[in-house]
Amino acid sequence: MALSIAPAGLTAAAVPNELRVTAIFKERLCGSYCINADMLPQATVTYNVGTPRLRGTALFVPITAVVSIVARGCGCLAKTYQFSEQTEVSFSDVTVAPTSLPTLVVAGSDVIPAFVNCNRANGVQIADSLIITLPAAAPAA
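Description of the structure in this document.

Rules used throughout
Residues numbered from 1 in each chain as written. Predicted model: local features only at pLDDT ≥ 70, side-chain atom pairs only at ≥ 80, totals over all residues. Heavy atoms only, no water. Helix = DSSP H or I, 4+ residues; strand = E, 2+ residues; numbered from the N terminus. Pairing = 2+ DSSP bridges. Axes fitted to C-alpha atoms, helices over the stretch in contact; angles between N-to-C directions. Patch = residues over 30% accessible without salt bridge, like charges linked within 9 Å, V, L, I, M, F, W, Y side chains within 5 Å. Areas by Shrake-Rupley, 256 points an atom, 1.4 Å probe, with all protein chains shown as cover. Salt bridge = Lys/Arg side-chain N within 4 Å of Asp/Glu carboxyl O. Buried < 20%, exposed > 50% of the residue type's maximum accessible area, 1.4 Å probe, protein only. Disulfide = S-S within 2.5 Å. 1 Å grid on protein atoms, 1.4 Å probe; cavity = no way out; pocket = protein on both sides within 12 Å on 5 of 7 lines; lining within 4 Å. Points joined across faces, edges and corners; volume = space filled by probe spheres on them. Nonpolar A, V, L, I, M, F, W, Y, C, P; charged D, E, K, R; others polar.

For Val15, the location among the structural elements is in the loop between β1 (2–7) and β2 (18–34). Along the sequence, Val15 and Thr133 sit 118 residues apart, while their C-alpha atoms lie 9.2 Å from each other.

As structure tokens, then:
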């Protein structure tokens, strides 16, 4: 499985402590499937945010994605594929590590066929629009 992270365009002013990215997963499957509305794979991605690490003024946030794909093939049999990917996102100009985990929200998801040849696909591409938000800083004592 290949995973890439890219900045997402903003339609409004940037929000402090918020990062908007697109996570794109692309995987070649063991079998092919017919490309029509009834046969497209069903895909779900579950995200887990790990403990952030402050290095200098950069805060690194580890993210684990568990991807599950159910493809029906060109017959009646369905096959389930499961993959796990790890990545990190970072926030700049952070002076204090948060005391709780950042939140991650999926704003939208798109699943399309990949590795297409003659109306059959041998893979799938999943694009998730993610919003990652750091918790508000604790008030000074």
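Pairing is antiparallel across the open sheet formed by 4 strands, whose spatial order is β1-β2-β8-β7. Only two strands of the sheet have a single partner each, and these edge strands are β1 and β7 (103–117). Strand-to-strand twist of the sheet, defined as the mean angle between neighbouring strand axes without regard to direction, takes the value 20 degrees. With 6 bridges connecting them, β1 and β2 associate as antiparallel partners. Bridge pairing links Ile5 to Ala23 in β2.

The next subject is a nonpolar patch on the surface. Together, Ile35, Leu40 and Val116 make up a nonpolar patch on the protein surface, roughly 210 Å² of accessible area in all. Along the chain, the position of Leu40 falls in the loop between β2 and β3 (42–49). The exposure class of Leu40 is partly exposed, given its relative accessible area of 32%.

Counted by the stated rule, this structure contains 0 disulfides. With no disulfide of its own, Cys118 has Cys34 as its nearest cysteine by sulfur position, at a separation of 12 Å.

Summed over all chains, the structure comprises 1 cavity of 30 Å³ or more. Here the largest cavity is characterised by a volume of approximately 50 Å³. Considering the residues around the largest cavity, the lining is formed by Leu3, Ile5, Ala23, Phe25, Tyr47, Ile63, Thr64, Ala65, Glu85, Thr87 and Leu130. Those elements that place two or more of their residues in the lining of the largest cavity are β1, β2, β5 (58–71) and β6 (79–91). For the lining of the largest cavity, the class distribution of residues is 8 nonpolar, 2 polar and 1 charged.

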